[in-house]
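Letter by letter, the chains look like this.
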Amino acid sequence: MSGSYVIALISATVIAATPLVFAAVGELVAERAGVLNLGVEGMMLVGALAAFIVSTHSGSLLLGFAAGAGAGLALALLFALLTLTLQTNQVATGLALTLFGSGLSAVLGRPYAGHPGATMPVLFHFDAAVYLALAMVPFTAWVLNRTRVGLLIRAVGESPQTAHALGKAVQSLRYGAVGFGGLLSGLGGAYLSMAVTPMWVEGLTAGRGWIALALVVFSIWKPWRVLLGAWLFGGMTVLQLHAQALGLPVPGEFMSMLPYLATILVLVLICRNPRLLRLNQPASLGRPFHAEH
Amino acid sequence: MPDWLPALERRPAPSSVMRMAAPLLAALAITLTALLAFAALDLSPWSGLYTFFISPIASAYGVGEWLLKATPLALCALGLSIAFRANVWNIGAEGQFTAGAITGGGVALYLAPQLGGAGVPVMLFAGIAGGMLWAAIPAWLRTRFNTSEILTSLMLVYVAQLLLAWLMHGHWQDPQGFNYPQSRAFDDALILPLLADGQRATSAVWMTALLALATWVLVRWSYAGYRMWVGGEAPAAARYAGFSEARSVWLGMLISGGAAGLAGIAEVAGPIGRLQTSISPGYGFAAIIVAFVGRLHPLGVVLAALLMSLLYLGGEAAQLELGLPAAVTGIFQGLLLFYLLAADVFTHYRLRRPPVARPA
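Rules used in this analysis
Numbering of residues begins from 1 in every chain and follows the order in which that chain's sequence is written. Ligands are numbered from 1 and chains lettered from A, in the order in which they are written. For this predicted model, a pLDDT threshold of at least 70 governs which residues receive local features, and a threshold of 80 or more governs which side-chain atom pairs are given and counted, while totals over whole chains, interfaces and linings are taken from all residues. Only DSSP runs of H or I with at least four residues qualify as helices, and only runs of E with at least two residues qualify as strands; both kinds are numbered from the N terminus onward. As defined in this context, the radius of gyration uses C-alpha atoms, and a globule is described by 2.2 Å times the residue total to the power 0.38. A pair of residues counts as a contact when their C-beta atoms, built from backbone coordinates, are separated by no more than 7 Å. Each residue is classed by its C-beta neighbour count within 10 Å, where at least 20 other C-beta atoms makes it buried, 12 or fewer makes it exposed, and intermediate counts make it partly exposed; the C-beta atoms are placed from backbone geometry. Lys, Arg, Asp and Glu make up the charged group, whereas Ala, Val, Leu, Ile, Met, Phe, Trp, Tyr, Cys and Pro make up the nonpolar group; the residues left over, Gly among them, are polar. Working rule for helices: expected span equals 1.5 Å times residues minus one.

Draft legend 1. Molecular detail of the overall build of chain B. Across its full length, chain B holds 14 helices and two strands. Relative to the globule expectation of 21 Å for 360 residues, the C-alpha radius of gyration of chain B, 22 Å, shows essentially globular dimensions. Each principal axis of the C-alpha atoms in chain B carries an extent, and together these give about 90 × 60 × 30 Å. Sequence-distant contacts in chain B: of pairs separated by 6 or more residues, those separated by 24 or more amount to 76%.

Draft legend 2. Spotlight on the overall build of chain A. Secondary structure summary: chain A contains twelve helices and zero strands in total. When the elements of chain A are put in sequence order from the N terminus, they spell out α-α-α-α-α-α-α-α-α-α-α-α. Whereas a compact globule of 293 residues would reach a radius of gyration of roughly 19 Å, chain A reaches 19 Å, a difference of no more than 12%. Principal-axis analysis of the C-alpha atoms places the extent of chain A at approximately 65 × 45 × 35 Å. When each of the 293 residues of chain A is scored for burial, the buried share is 53%. When contacts within chain A are restricted to residue pairs at least 6 apart in sequence, long-range pairs at least 24 apart make up 82% of them.

Draft legend 3. Just the interface of chain B and chain A, in detail. Listed per partner, the contact involves 36 residues of chain B and 38 residues of chain A. Elements supplying a minimum of two residues to the side of chain B that touches chain A: helix H5 (119–145), helix H6 (149–169), helix H11 (283–293) and helix H13 (328–343) of chain B. Residue composition of the side of chain B that touches chain A, by class: 26 nonpolar, eight polar and two charged.

Draft legend 4. A look at helix H8 (residues 170–196) of chain A. Here H8(A) is 27 residues long and its end C-alpha atoms lie 37 Å apart, about the 39 Å a rise of 1.5 Å per residue gives. Judged by how many residues are buried, H8(A) sits mostly within the fold: 23 of 27 residues are covered.

Draft legend 5. Region of interest: H11(B). Residue and element names in this part refer to chain B. In terms of burial, H11 is largely enclosed, as eleven of its eleven residues are buried. Restricting attention to buried positions, one finds in H11 the residues Tyr 283, Gly 284, Phe 285, Ala 286, Ala 287, Ile 288, Ile 289, Val 290, Ala 291, Phe 292 and Val 293. Positive backbone phi, approximately 55°, marks Arg 295, located one or two places after H11.

In structure tokens form, the structure reads like this:
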């Protein structure tokens, strides 16, 4: 194996990991505020399609990213309206969001299926979005751990009752965190349809939204560990594409199973330690909050 | 929130009237949405509605198709309703459906000739066992390693589909099939009998009716069903009463997995007649919505499956006659669940009238 091949593998890994970094960091913030949004896959799909359509018509990747982020945000606000204002079950609503997003993107994307998309300009092997994703990790870690709004988000995620009693705006903070999650999921989808696989096909994300959800658990809700997990999964995607070149005598279907099986393995490794979960999981995760007064 | 807006106020007890009315409200809302969508697409709303909801079932063949698509939905959703009652979130029914099709299909392709008359029952049981096996993985991971069954059962959907694709491109591929990714056709003796001539629904409809009855007995009359229900409604009370959570998880996963596996084998040994890479238009995922819209009650689930089946047929008719993509069904499925969940707010809450402003 030559050195340039190894470098190509590593840069392919970082690129494949980028949508996961975006989506998982966004979901991490929502979960730190106590909201479990299982609609990541749906938000990514709609974001991917919106970005693809806008960038194809306008020729501007920047507008494409804006459209992807906007589409993700719109779906996230729909989720927030249902779960936060109307107090619906977060698990069921998240599933509905994923089903809705899959259907919506399949219908609206039909005329674009199979078209090649625009390509990104690169800087030191990578495009600007990779650096943006990398920057999101320290940024989120800093906001969550070092700023006032981060402290409030964590307080709302641990005990919304206490935060409410102290006069903090629980709902607004949760709306913001869920919206941020949607924005980043949309960006992740946009990067997928404009850079990783610059094209649109139905179900383009192939479970990446769900893998992002698993990454949040893997990260034990700490941004830096998201990066580690995303690179691990990015590497697996690349390995699967290069298995033939590396001469691995494994059928393609089994290589394609790797990311899904690895997700299960990673979840088991984290969840088998109940103390780790108890210490790190936001205490009110998935529980609705309704202020009576 | 501004004072003049009506606010939500928790009801002392959930409203049973609203609980029953919510699915009807959701169905009404989805019809209105369809009307608006047709109007927006410059189609006549009424002829659009007719095409979507009436014309597909206006013939005996159409009614058969309606039952044909409702069957796998109802089978999967009946199992899921038992799991969801116990707060066991199996969302991988699509994978268990595929696993059941693989194991049952394997029996049909390679064991049935040696089994003679026992072929069909063995094939069906193999399908159920395959679904159970696939659901046992998340159950074991949850009870042994505390791993969320939501994510693991979903991941296994992709694994099952890839496994089927591998078999269809390799060992189980029909050598005379012009390299299509499909197995040879099952023997005629193994294909489930039709309900009536001139349509395609099979005897799986009777299995569904039987499962609905069994589900009703389980949730309404059995101690096991009661323990699972308490575990779902009040986990702390269930722990205090000594009801095992692990037992609920295992029962919920195995029952829902087995039902999905039965749906899978009934589909490939029914309308499809062979194994192939694509065997389901998302029945396992749509069944999640069916279970909720049916209020996790057996009769409700069967009715909701008929509604969902109509959405599938309507999507196909809309594709043929109105030129809309069939994926419209997916949008309607998601919206239906949104509407139901939103309508359900009024099961637990009521609107509090804004206080009348009094001069000081």
